[in-house]
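Here are the chains, one letter per residue:
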Amino acid sequence: ACGLVAAVLLAGCAQKSEPAPAATATAPPAPAAPATPAEPALPPSNPDNNAYFGAVHVHTGWSFDAFTNGSKTTPTDAYAWAQGKAITGSGGPDLQLKTPLDFYMVADHAEFMGVFNQMANPDSPLSKTELAKGVTSPDANVRIQTFAGILRDMSAGKRDPMLTDPALARSVWAEIIKAADANYMPGKFTTFAGFEWTSNPLQRNLHRVVVFRDTAQLPDMALSALDSDDPETLWKWMDEQRAKGSTLFAIPHNGNASDGRMFETVKFDGQPIDAAYNATRASNEPLYEISQIKGTSETHPDLSPNDEFAGFEQWDYTLSADYQRPTHRQGSFVRQALLDGMSQAASGAGNPFKYGFIGDTDTHNAAASHEEFNFTGKFAFENNAKERLSGVPGAPAGQVQQIQEFSSGGLAGVWAPQNTREAIWDAMQRKETF
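Scope of this entry: the structure provided in the associated data block.

Definitions and cut-offs
Residues numbered from 1 in each chain as written. Predicted model: local features only at pLDDT ≥ 70, side-chain atom pairs only at ≥ 80, totals over all residues. Heavy atoms only, no water. Helix = DSSP H or I, 4+ residues; strand = E, 2+ residues; numbered from the N terminus. Buried < 20%, exposed > 50% of the residue type's maximum accessible area, 1.4 Å probe, protein only. Contact = heavy atoms within 4.5 Å. Areas by Shrake-Rupley, 256 points an atom, 1.4 Å probe, with all protein chains shown as cover. Lys, Arg positive; Asp, Glu negative; His and termini not counted. Charge placed at Lys NZ, Arg CZ, Asp CG, Glu CD. Pairing = 2+ DSSP bridges. 1 Å grid on protein atoms, 1.4 Å probe; cavity = no way out; pocket = protein on both sides within 12 Å on 5 of 7 lines; lining within 4 Å. Points joined across faces, edges and corners; volume = space filled by probe spheres on them. Nonpolar A, V, L, I, M, F, W, Y, C, P; charged D, E, K, R; others polar. Salt bridge = Lys/Arg side-chain N within 4 Å of Asp/Glu carboxyl O.

**Looking at the overall build of the protein chain**
So, step 1. Of the regular secondary structure elements, the protein chain holds eleven helices and twelve strands.
So, step 2. If one aligns the C-alpha atoms of the protein chain with their principal axes, the spans along those axes are about 95 × 60 × 40 Å.
So, step 3. Sorting the 434 residues of the protein chain into buried and exposed places 54% on the buried side.
So, step 4. A separation threshold of at least 6 residues defines the contact pool for the protein chain, and within that pool the share at least 24 residues apart is 72%.
So, step 5. Put simply, the protein chain shows about 18800 Å² of open surface, and 56% of that area lies on carbon and sulfur atoms.
So, step 6. In the protein chain, 33 side chains carry a positive charge and 50 a negative one; their mean positions are 2 Å apart.

**Some words on the sheet that holds strand S11 (residues 356-359)**
Strands pair in a sheet through their backbones, by hydrogen bonds, and they do so in one of two ways: parallel or antiparallel.
So, step 1. The mixed open sheet is built from three strands, whose spatial order is S10-S9-S11. Each edge of the open sheet carries a strand with a single partner, namely strand S10 (295-296) and S11.
So, step 2. The pairing of strand S9 (residues 287-292) with S11 spans four bridges and is parallel. Opposite Tyr288, over in S11, you have Phe357 as the bridge partner.

**What about empty space enclosed by the protein?**
So, step 1. Applying the stated criterion across every chain yields a total of three cavities of 30 Å³ or more.
So, step 2. Within this model, the largest cavity holds a volume of roughly 340 Å³.
So, step 3. Contributing to the lining of the largest cavity are 27 residues, with Phe147, Leu151, Leu319, Lys378 and Phe379 lying nearest its centre.
So, step 4. The set of elements that each furnish at least two residues to the lining of the largest cavity consists of helix H1 (64-68), helix H4 (140-155) and helix H10 (397-404).
So, step 5. A breakdown of the residues in the lining of the largest cavity according to their chemical character gives eleven nonpolar, eleven polar and five charged.
So, step 6. Every residue lining the second largest cavity is counted, 14 residues in all, and those nearest its centre are Pro231, Arg261, Glu264, Tyr277 and Arg281.
So, step 7. Of all the secondary-structure elements, those providing two or more residues to the lining of the second largest cavity are helix H6 (231-243) and helix H7 (275-284).
So, step 8. The element that contributes the greatest number of residues to the lining of the second largest cavity is H6, accounting for three residues.

**Remarks on the pattern of salt bridges**
So, step 1. All told, the structure shown has 20 salt bridges when counted by the stated rule.
So, step 2. Residues Glu432 and Arg430 are paired through a salt bridge, measuring 3.2 Å at the closest nitrogen-oxygen approach.
So, step 3. Residue classification places Glu432 among the partly exposed residues on the basis of a relative accessible area of 28%.
So, step 4. Accessibility expressed as a relative area gives 44% for Arg430, which makes it partly exposed.

This is the structure in structure tokens:
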């Protein structure tokens, strides 16, 4: 792992106390209680902090878009890969990380959680639907066009009751938590429970990844954006979870694909933001994911014409499969948001955009893509460089270009005293990130 190595301290085991035997000349000595193996102690906390590296924006085949685009991976696969173990490439080459990571979190979409996987289950009624034929087609182009249609319907607010199954969502969410707990090794490898809230009104990206500090008190189901695209709905739900004992924050990403909506200075309903809104947003969203596979959203040449790096890693599309270009730069990029936040603070309304920053991945095949020499791609159908460059046979040229222009992705860096959930989450909350 990337953190500093500390010695493992072994704790001694005290012998179990037994009642004294009767005092007789022939009584044998009381048998000793069997020794209990000592738990290895955590490496000592470093008051000067260590640098830890990882990702909290990772999808597996349990996300509807990942499954539709060919991923067969699971949360268990994701955690195995992050620890340096080889996993299947969902039909492509095996995937294996050269340098294991310190922390990792599966953030599968709350929307349609578990539903699309059931389309490959012949015992499920979902496998008999017309949609299932496209989702499970052996033809990659049929699958990607099926995904494009799902995304259009989702962005337009169309809701198919058959695709929302609360009982299934609860069971899948429970399995995601179980996988995180099973792979958590304090001091060596940290996992978190979390999910992605996927608001995409009219194909404008307002996505957030939600990260819980621990698994002691979690909701029985992740919050879906299918019922409301308004971020204030998410923040209200987060406050409700805190009242029940959860500790959590949200990380927005891909403002570059929001067409001006991620950092707009009006609320979702068009009313001007105010002090209450600013305080709520700031308390729920300490970090911003500034770079990932779908590009970097620091700034744009239209906003920073004198910055020669303003065009670096641009992915200039809205979040659709229809290669639609955004028309609004203001409100899409975080450098301008920092200035707008200071203007809000100067007016006495507080600063809603005082972010710390991380990079992250947004892989949809369990394996992050930060090792540029070790290509893993975003989707299962482009998990090697040749497939990314050639594109899906039969797909429209615009869709092929969208995929070709994906970045390699980013990586989250955190300064923390120990490699534990509490230490890394608290450091992210404090914005001690890079």
